[in-house]
Amino acid sequence: MSDLPPWLDAKDDRFYPLVLPNAPLETLAEGFAWLEGPVWCADANHLLVNDLPRDRTLRWTEDGGVSLFRQPSHFANGQTRDQQGRLIACSNQRRCLLRTELDGSLTALATQFDGHPLNGPNDVVVAQDGTIWFTDPLYGGGTDYEGGKHEMHLPPTLYRLDPAGTLAVASRDLPGPNGLCLSPGGHTLYISDTGAQFGPDPTRAIHAFDTATLARRPFHAVTPGNADGIRCDEHGRVWSSAADGVHCIDPDGTHLGTILTGVTVANLCFGGRNRARLFLCASQRLLAIYTNVRGAP
Ligand code: MG
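Peer 1: How do you make sense of the coordination of the magnesium ion when you look at a structure like this?
Peer 2: A metal bound by six donors in octahedral fashion has ideal angles of 90 or 180 degrees, whereas one bound by four tetrahedral donors has an ideal angle of 109.5 degrees. Taken together, N122 (OD1), N178 (OD1) and D228 (OD) make up the protein donors of the magnesium ion, found 2.1 to 2.2 Å from the metal. Sequence positions of the residues that donate to the magnesium ion give the spacing N-x55-N-x49-D. Residue N122 is found in the loop between β12 (116-117) and β13 (124-126), and its partner N178 is found in strand β17 (residues 177-182); the two are separated by 56 residues along the sequence. N122 sits in the buried class, given a relative accessible area of 7%. With a relative accessible area of 1%, N178 lands in the buried category.

Next up, the structure:
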């Protein structure tokens, strides 16, 4: 095996074929407050990403770099697209999901549960059948920096919004349900749990839910830092944000290796041609690196 460059750290021999020793870790742009919610739009050939505290959504293209997509973003955090290509964003400020219709108008989804407004959704995924899974921890209303402090009346929850519009509790077992991703095929929903995120001993767990039975099993504990945004590749490995970069975790739970960024990564997504490039929300910087795997479709 050839040596890896200093930004790639193999923990297991299975990491080597997944990365490219001659692919740089690129800084695409910098000077942001805190990046979140990257989503690749293949039809438009651009990345959308939220500069959360600055209440704006940005667009990045290979040729044009970063430009403003919209402001306000309503303090959008995690986001994804549904099967029809509509952007679905978690809004801290509006305390709901905001779906951007194809004509550009906004539709608020999941505005309340049990008569209470949500706390501030954090991350969202859409399954192939149109089911929307999203997390609603206690972070959204905790700071004025990320959309405004507000009273929160609901416990930390993983919700399921079915295609008919019925909102249901999928789990209330986790203290800090945060990032989400679906395995290829959609049978497993991975969820990161950051618990008391800024305390001396934060929860670092990633759990795996069976989407049919909602049975939950521990999958992996990330260190240093904790797992926030997570994404699956085409073979079901989980690429997780961490305090030192991005950790690649085998479906068996083994930490295979790390992309070292030197700063906290909050979120990530696969994108670009063939979904083979990882885009990283690395604190104040937008980074990218080509990998030798493709993101889950
Ligand atoms: Mg998050």
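Peer 1: I tried to follow the pattern of salt bridges on my own but got confused; where do I start?
Peer 2: One side chain can pair with another of opposite charge once the charged atoms of both are near each other. Tallied over the entire structure, the rule returns 14 salt bridges. The partner of R86 in a salt bridge is E101, with the nearest N and O atoms 3.4 Å apart. In this pair, R86 is assigned in the loop between β7 (76-81) and β8 (87-91) and E101 in the loop between β9 (96-100) and β10 (106-109), connecting sequence segments 15 residues apart. Given the relative accessible area of 16%, E101 is considered buried. Across the pair E101 and R99 runs a salt bridge, and its minimum N-O distance is 2.8 Å.

Peer 1: Would you explain the sheet that holds strand β26 (residues 277-282) in this entry?
Peer 2: As a general point, the strands of a sheet are linked pairwise by backbone hydrogen bonds and lie either parallel or antiparallel. Read from one edge to the other, the open sheet built from four strands follows the order β2-β27-β26-β25, with strand pairing classed as antiparallel. The sheet terminates laterally at β2 (26-30) and β25 (267-271), the two strands that pair on one side only. The sheet shows a mean angle of 20 degrees between the axes of neighbouring strands, direction not considered. Alignment of β25 against β26, held across five bridges, turns out to be antiparallel. Each bridged residue has a counterpart across the sheet, and for G271 the counterpart in β26 is R277.

Conventions used here
- Residues numbered from 1 in each chain as written.
- Predicted model: local features only at pLDDT ≥ 70, side-chain atom pairs only at ≥ 80, totals over all residues.
- Heavy atoms only, no water.
- Donors = N, O, S within 2.8 Å, 3.2 Å for Na, K, Ca; no water.
- Helix = DSSP H or I, 4+ residues; strand = E, 2+ residues; numbered from the N terminus.
- Buried < 20%, exposed > 50% of the residue type's maximum accessible area, 1.4 Å probe, protein only.
- Salt bridge = Lys/Arg side-chain N within 4 Å of Asp/Glu carboxyl O.
- Pairing = 2+ DSSP bridges.
- Axes fitted to C-alpha atoms, helices over the stretch in contact; angles between N-to-C directions.

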